[in-house]
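Here is how the chains run, residue by residue.
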Amino acid sequence: MFTENQLEVLTEQTKDAINILQLLEVELAANEDDPHIIRTVSIVQKMLQEHLSTLQQPINYYCENNQQSSSTL
């Protein structure tokens, strides 16, 4: 399972992504079409990809262990 530190990191990453998305929403609402919006989208995409990768590691480990346990039954 996750350690307390891992959960804190995931929580902070999620909060950061949400904050950036909120800023992006305000910019888009004002019809601002500039390079900062494109850069912001790129940053959020990278953050979420890293977040997903971090989440997938323990999930993959859990799935692999469950498959091994099932095959020994």
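In short, a report on the structure.

**Some details on the overall build of the protein chain**
The helix and strand inventory of the protein chain stands at 2 helices and 0 strands. The 73 residues of the protein chain split such that 11% are buried. When the accessible surface of the protein chain is split by element, carbon and sulfur atoms take 56% of a total near 6,200 Å².

**Here's the deal with helix α1 (residues 4-29)**
Given a rise of 1.5 Å per residue, 26 residues ought to cover 38 Å, and the 37 Å separating the end C-alpha atoms of α1 matches this to within 8%. Where α1 is concerned, the buried positions are Leu-10, Ala-17, Ile-20 and Leu-24.

**Quick look at the environment of Leu-48**
Mapped onto the secondary structure, Leu-48 falls in helix α2 (residues 35-71). You can call Leu-48 partly exposed: its relative accessible area is 41%. Residues Leu-48 and Gln-13 lie 35 residues apart in sequence; the distance between their C-alpha atoms is 8.2 Å.

**Re the pattern of salt bridges**
Inspection of the entire model under this criterion finds 1 salt bridge. In this structure, Lys-15 and Glu-12 form a salt bridge, with 3.9 Å as the shortest nitrogen-oxygen distance. With Lys-15 and Glu-12 both in helix α1, this residue pair falls 3 residues apart, about one helical turn. Glu-12 gets classed as partly exposed once you look at its relative accessible area, which sits at 41%.

**Topic: the side chain of His-51**
Following the sequence through the fold, His-51 ends up in helix α2. Judged by its relative accessible area of 14%, His-51 is buried. Not counting the four nearest positions on each side in its chain, His-51 is found in contact with Leu-10, Gln-13 and Thr-14.

About the thresholds
- Residues numbered from 1 in each chain as written.
- Predicted model: local features only at pLDDT ≥ 70, side-chain atom pairs only at ≥ 80, totals over all residues.
- Heavy atoms only, no water.
- Helix = DSSP H or I, 4+ residues; strand = E, 2+ residues; numbered from the N terminus.
- Buried < 20%, exposed > 50% of the residue type's maximum accessible area, 1.4 Å probe, protein only.
- Areas by Shrake-Rupley, 256 points an atom, 1.4 Å probe, with all protein chains shown as cover.
- Expected span 1.5 Å × (residues − 1).
- Salt bridge = Lys/Arg side-chain N within 4 Å of Asp/Glu carboxyl O.
- Contact = heavy atoms within 4.5 Å.

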